[in-house]
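Coordinate analysis (summary)
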Amino acid sequence: MPYETVTVETDGHVATITLDRPEAMNTFSTQLATDLDEAFGDLEADDDVRAIVVDGAGDAFSAGIDLSEHADHETKADYEQWVSGMEEPFLTLTEMGTPVIAAAHGHAAANGLGLVAACDLAVLAEGTKVGATAPKVGLFCMGPAVPIMNSVTETRCLELLLTGDLIDAETALEWGLANRVVPEDDLRETAMELATSIAENSPVAVQRGKRAYYAMAGMRYEDALEYSNERFAELCATADAAEGIEAFLEGREPEWPEQ
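Attention here is on the structure that accompanies the text.

Structurally, glutamate 69 can be placed in the loop between β3 (51–56) and α2 (76–95). On the basis of relative accessible area, glutamate 69 is assigned to the buried category, the value being 13%. Sequence separation between glutamate 69 and serine 29 is 40 residues; the distance between their C-alpha atoms is 7.4 Å. The residues contacting glutamate 69, other than those within four sequence positions of it, are Ser29, Thr30, Trp82 and Met86.

Shown next as structure tokens:
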């Protein structure tokens, strides 16, 4: 379906969502946040899509929230409704079974960094700068802090949040905010290679496994193990498990059943 501020393409079992406000460095307007969240939902509902890449048009991945919208609101309730819409894609990402890979270049700041951290995997182009820059304009990256704190240590997270400083791609990789750093010319290809590698696996196993991972992340150790046993048993009873194990034992490539 058409969107105003993102574009969607599919190539086999991999879809690409491109943030498409290059004139505004792909900042999160209310419309972009809505379009991105709806695109996630539409692709999640498409059984042919097994992995998603998110990138940005123009010179940047995303420079954060579109601050020109700040003056459109007055009360605390207004601002809460506004920012809740901005962060909705972060929640959707954890509820989706389809894995999502960020492919970021230029700048990924504030909500842009939050989106990188909220995605399941991330590839950064060399030269990319990332940071939780909101304190520089009298705000604080409270929403982005939620996915960021799940990616880095507490001290690293607080350094990003409190200083608002930008760090380079190599530092982001070292801190745990990215899986790969590659030349910008190789960014799309590397992200697509990761997505294709995921898409070749059992879609049932990957999607159920991703959902289980995020559910277990907030549980006590023993509760997580009990939950994992239940989900694994359910997976063992699927057609994908039967086909995958049979193919392995027969020394052939699996042919995953249609969903």
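The next subject is a nonpolar patch on the surface. On the surface, a cluster of nonpolar side chains totalling about 420 Å² of accessible area is made up of Phe140, Met142, Leu158 and Leu162. Relative to the assigned elements, methionine 142 resides in helix α4 (residues 142–149). Given a relative accessible area of 62%, methionine 142 falls into the exposed group.

Let us now look at the packing of aromatic side chains. Under the criterion given, the structure shown has 2 aromatic pairs. Both rings, one in tyrosine 213 and one in tyrosine 214, keep their centres 5.4 Å apart while their planes meet at 90°; by these two values the pair is edge-to-face. Taking relative accessible area as the criterion, tyrosine 214 reaches 27% and is therefore assigned partly exposed. Lying across the ring of tyrosine 227, arginine 231 places its NZ or CZ 4.6 Å from the centre.

Of all hydrophobic cores here, the largest spans 50 residues; its most connected members are Ile17, Ile52, Val54, Phe61, Leu115 and Leu177. Top contributing element to this core by residue count: helix α1 (residues 30–44), with 6 residues. The residues touching leucine 177, leaving out its near neighbours within four places in the chain, are Leu113, Val116, Ala117, Ala122, Ile148, Ser151, Val152, Leu160, Ile167 and Ala172. By size, the runner-up hydrophobic cluster in this structure holds 15 residues, among which are Ala103, Val182, Leu194 and Ile198.

As for its position among the elements, threonine 98 is in the loop between α2 and β4 (100–104). For threonine 98, the side chain forms a polar contact with the side chain of glutamate 44, separated by 2.7 Å. Each residue touching threonine 98, except ones within four places of it in the same chain, is listed here: Glu44, Val49, Arg50, Ala51, Ile52, Asp120, Gln207 and Lys210.

Criteria and cut-off values
- Residues numbered from 1 in each chain as written.
- Predicted model: local features only at pLDDT ≥ 70, side-chain atom pairs only at ≥ 80, totals over all residues.
- Heavy atoms only, no water.
- Helix = DSSP H or I, 4+ residues; strand = E, 2+ residues; numbered from the N terminus.
- Buried < 20%, exposed > 50% of the residue type's maximum accessible area, 1.4 Å probe, protein only.
- Contact = heavy atoms within 4.5 Å.
- Patch = residues over 30% accessible without salt bridge, like charges linked within 9 Å, V, L, I, M, F, W, Y side chains within 5 Å.
- Areas by Shrake-Rupley, 256 points an atom, 1.4 Å probe, with all protein chains shown as cover.
- Salt bridge = Lys/Arg side-chain N within 4 Å of Asp/Glu carboxyl O.
- Phe/Tyr/Trp six-rings, centres within 6.5 Å; stacked < 30°, edge-to-face > 60°.
- Lys NZ or Arg CZ within 6 Å of the ring centre and 35° of its normal.
- Core = buried A, V, L, I, M, F, W, Y, C linked by side-chain atoms within 4.5 Å.
- Polar contact = N/O pair within 3.5 Å; in protein donor to acceptor, adjacent residues only side chain to side chain.

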